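Coordinate inspection notes
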Amino acid sequence: MKLIIAEKPDQGSTLASIFKHKKQNGFIEIFPNETFTKGAYVTWAIGHLCQLVSPEKYEPGWKKWSLDTLPIIPEQFQYEVTRDKAKQFTVIKKLVSDPNVTEIIHAGDAGREGELIIRNILRLTNCKKPMKRLWISSLTPNAIREGFNKLLDEQETKSLYFEAYTRACADWIVGMNGSRLYSLLLQQKGFSDVFSVGRVQTPTLALIVKREIEIENFKSEPFWEVIAHFSIDGKKYSGKWQNDGEIRVKTKELAEKVAAFCRDKPAEVAEVLSERKEFLPPLLYNLSALQAEANKRYKFSPKNTLDILQKLYQKGFVSYPRSDSRYVTKEEASTFPDILNRLSHIKEYESFFPLPIASIAENKRYVNEKKVTDHYAIIPTEQIPYLDRLSSEERKIYDLIVTSLIAAHYNKAVAEYTTVTTLVDGRASFISKGKVQLEEGWRKVLKNKERDEEPELPVLKQGEQGKTVKVDVKESQTQPPKRYTEGQLITLMKTAGKHIDDKELEKILTKTEGLGTEATRAGIITMLKDRLYIEVKKNVVYATAKAKILIEAIGEEILASPEMTAKWEKKLKEISEGSAIPKHFMEQTKKMILHLISSSLNQSASWTFSDEMTQNFTPGKQKGKRRSPSKLGPCKKCDGEIIDKGTFYGCSNYKKNQCNFTISKKILGKNITQKNVKLLLSGEKTELIEGFTNKDKTFNARLFLDEQEKRIKFLFEENAEKVIPSANK
């Protein structure tokens, strides 16, 4: 009898669904059949059922956060069962130990993490039984049946386990040591919070903070444009005045002077330049591309897209979701005609059929065995859903995948881009740009999904004459770089290699996967949100003061650079290929951590932070960490201490004597930091705080605590005082 272990309950149910079976408590019994002549059991993990143990499990002294205990580096890493998943582990262990079970079938997701999850469970059960590997890219009945008939030998994927295990242990070392190091050093600077550090999350955060600093330091400058409206033989269009190829005018006076000269003057088409451009259909989706597109189109967060995709996969409607490839094999391409034929009968897609191209099996743009890694591109399967039975979000994601496959069977789109130069009164030159769509091609399928900013121009010929109907002067401001959206953040992580100066390392990072993997990027972004490093408002990513403080402290250390990830990914790739030894990689990781600790301890005395960072820093509650709240100073109403209570500062004696002395965390739109609260409670005035806003008026002031009235007041430079209503009690 065989025991099949899946990664998740739904996947276990799907694997068993094609056979006659009976559900039991925590597993499914498959009755004897052609594939399993003696029957089989199907059970499952619940994602990461095991976890690396906490530091104190190795050394009790490592429980306390102290600089003296660093570095924390176990001699041998240990895994344990996650407490809330112990019941399912017991089920698996009992089945593994069943004497009727003679072979294990590893049916975790076909990738690194799936390899790690199931093998870790088997290690903890002390399983010595032979194992085979199920490796499939979709959960359709055909794929499942074929996968069970073509099981891999467990040695064929073992190197992936070594890579994933090494990655997890190295990340543990970086996270445990780096987080404690910077949390404790920044605590000495007055920032009482947990500063989480990670091999992928920190360089990702550094890129976000870099953009935030660029925006803050950007100096906006005004410029003007002169826009003329022409009528040439009844054909109307507009153009912008250009001088030596520059359309921006630096002074209002010059812009108005040009406009005044051009009004009501004759105009002539001096030059018409046309360029024909061809656009091939987009590639098929991998996970990053799909997450970026869903975010751009529907504002779905990357995690939401992955969750929706996982549901579609588990229902058998799409192929494996965590793919990093945008190509398919010839074998997979041979299934497209059947899949497309089935899609042609769906009302929403029938207008796209018949297809201009019957098969793309020989098209290397899509079919390239060498560019297919563990999995091929995300495509619809032959199992077509009833669209009205999908949720609204599932329909949108499914539609993106379906239309990408249909568009691949269309011809290229062809457009003509035209640049027209118009002379006013033979002297003033105006430029106009536009396009004409000559062949719609694949844009017929994706016409509502592709944006083109170029306007259409009338057909114009050199030498045609007319007049200048109207001339406007438009004032604008230079704009800072834009903040990233969540979708752009996924793309940024994927393409982080371009942020490295070393060309060889850039090549490595581009060849691997950038920062993180297809499977982990959405989780990294979620982690940055949960740890209060970023805020996402209307799909735009903002770096918080906490993020800026951490990245400022880390400075030029390699921990904040994609360079480290490039080096790590190169070595990890070699481990997965069997050409590098995990032990050597771990030794390099330990050396890096020792250097980081030594360097940061030496440099921390010289760390300085801007007023903006300190004033806007607000400690937040960290998941999984409970630490005693910092005492900020004596209560002004009783013998208690003022502590951070999350949304406000309040007395530690509230439960004891109901003392209601509090200080607000935000006053007229400005965050009140712990540092300033300490100053208030010690009888001093705060630093100058800029940007208080009251009834659309903005002002700067210091704060002080009137101990008689037990109220906080504004202190202006001229020493005028103003009570802050409702700011304290």
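The structure we're discussing is the one just above.
Quantities reported herein were computed from a predicted structural model and do not represent experimental measurements.

Geometrically, a packed helix pair is captured by the angle between its two axes and the distance between the axes. At their nearest, the axes of helix 6 (residues 201-217) and helix 17 (residues 545-554) sit 10 Å apart, and the two run at 105 degrees to each other. On the basis of the axis angle, helix 6 is roughly perpendicular to helix 17. Seen from helix 6, the contacting residues are Thr202, Leu205, Ala206, Val209, Glu212, Ile213 and Glu216; seen from helix 17, they are Ala547, Lys548, Leu550, Ile551 and Ile554. The residue inventory of the contact of helix 6 with helix 17, partitioned by class, reads 8 nonpolar, 1 polar and 3 charged.

Here we come to the sheet that holds strand 19 (residues 641-644). Consider a sheet: its strands pair through backbone hydrogen bonds, and that pairing is either parallel or antiparallel. Ordered by their spatial adjacency, 4 strands build an open sheet running 18-19-20-21, and the pairing between neighbours is antiparallel. Unpaired on one side and paired on the other, strand 18 (631-634) and strand 21 (662-664) mark the two borders of the sheet. Averaged over all pairs of adjacent strands, the angle between strand axes in this sheet comes to 20 degrees, irrespective of strand direction. The pairing of strand 20 (residues 648-651) with strand 21 spans 3 bridges and is antiparallel. Across the sheet, tyrosine 649 pairs through a bridge with isoleucine 663, a residue of strand 21.

We now examine the sheet that holds strand 11 (residues 235-241). Read around the barrel, 6 strands follow the order 10-11-14-13-12-15 and close on themselves; strand pairing throughout is antiparallel. Direction aside, neighbouring strands of the sheet carry axes that sit 35 degrees apart on average. Here strand 12 (residues 266-279) pairs with strand 15 (residues 465-477) via 3 bridges, running antiparallel. Each residue of the ladder has a partner; that of glutamate 268, found in strand 15, is glutamine 465.

Most peptide bonds take the trans configuration, and most residues that are not glycine carry a negative phi. For the peptide bond that leads from leucine 70 to proline 71, omega is 5 degrees, which places it in the cis range. In this structure, proline 354 follows phenylalanine 353 across a cis peptide bond, with omega equal to 0 degrees. Its location among the elements puts proline 354 in the loop between helix 11 (336-343) and helix 12 (392-407). The phi dihedral of aspartate 233 is positive, around 50 degrees, even though this residue is not glycine.

It is worth spelling out the packing of helix 8 (residues 287-298) against helix 9 (residues 302-314) at this point. The interhelical angle for the contact between helix 8 and helix 9, taken along N-to-C directions, is 115 degrees, at an axis separation of 9 Å. Judged by the twist between their axes, the crossing of helix 8 over helix 9 is right-handed. In contact with Leu287, Leu290, Gln291 and Ala294 of helix 8, helix 9 contributes Pro302, Thr305, Leu306 and Leu309. Looking at side-chain class alone, the contact of helix 8 with helix 9 contains 6 nonpolar, 2 polar and no charged residues.

Of the pairings in the sheet, the one linking strand 10 (residues 222-232) to strand 11 comprises 6 bridges and is antiparallel in character. Looking across to strand 11, one finds that isoleucine 232 is bridged to lysine 235. In this antiparallel pair of consecutive strands, strand 10 and strand 11, the connection spans 2 residues, and aspartate 233 shows a positive phi of 50 degrees. Judged from the 2 bridges that link them, strand 11 and strand 14 (residues 428-439) form a sheet pairing that is antiparallel. The residue bridging tryptophan 241 from the neighbouring strand is phenylalanine 430, located in strand 14.

Before going further, it helps to spend a moment on the pairing of strand 1 (residues 2-6). The buried fraction of strand 1 is high, at 4 of 5 residues. Pairing analysis gives 5 bridges linking strand 1 to strand 4 (residues 40-44), with the strands arranged parallel. Directly across from isoleucine 5, in strand 4, lies its bridge partner threonine 43.

A word on the environment of leucine 52. Residue placement: leucine 52 occurs in strand 5 (residues 50-52). For the pair formed by leucine 52 and lysine 219, sequence separation is 167 residues and the distance between their alpha carbons is 48 Å. The residues touching leucine 52, leaving out its near neighbours within four places in the chain, are Phe77, Gln78, Tyr79, Ala168, Cys169 and Trp172.

So, about the side chain of glutamate 163. When you line up the elements, glutamate 163 lands in helix 5 (residues 158-188). Discounting chain neighbours no more than four positions away, the residues touching glutamate 163 are Arg112, Leu572, Ile575 and Ser576.

Membership of the largest hydrophobic core comes to 88 residues, with the highest contact counts inside it found for Phe77, Ile104, Tyr182, Leu186, Leu205 and Leu550. Of the residues forming this core, the biggest block, 12 residues, is contributed by helix 5. Each residue touching tyrosine 182, except ones within four places of it in the same chain, is listed here: Phe195, Val197, Leu550, Ala553, Ile554, Glu557, Leu559, Leu596, Ser600 and Trp607. Ranked by size, the runner-up nonpolar core spans 71 residues in total, among them Ile18, Trp44, Tyr327 and Trp442.

Within helix 4 (residues 141-149), burial applies to Ala143, Ile144, Gly147 and Phe148. Each buried residue of helix 4 lies within a common arc of 125 degrees when the element is viewed along its axis, so the set occupies one face. For helix 4, the secondary structure elements touched by its buried residues are strand 1, helix 1 (9-16) and strand 7 (103-107).

Cut-offs used in this document
Residues numbered from 1 in each chain as written. Predicted model: local features only at pLDDT ≥ 70, side-chain atom pairs only at ≥ 80, totals over all residues. Heavy atoms only, no water. Axes fitted to C-alpha atoms, helices over the stretch in contact; angles between N-to-C directions. Helix = DSSP H or I, 4+ residues; strand = E, 2+ residues; numbered from the N terminus. Parallel < 35°, antiparallel > 145°, perpendicular 65-115°, else oblique. Contact = heavy atoms within 4.5 Å. Nonpolar A, V, L, I, M, F, W, Y, C, P; charged D, E, K, R; others polar. Pairing = 2+ DSSP bridges. Left-handed = near helix turned anticlockwise from the far one by under 90°. Buried < 20%, exposed > 50% of the residue type's maximum accessible area, 1.4 Å probe, protein only. Core = buried A, V, L, I, M, F, W, Y, C linked by side-chain atoms within 4.5 Å. Arc of directions from axis to C-beta.

That is the geometry; function is a separate question.
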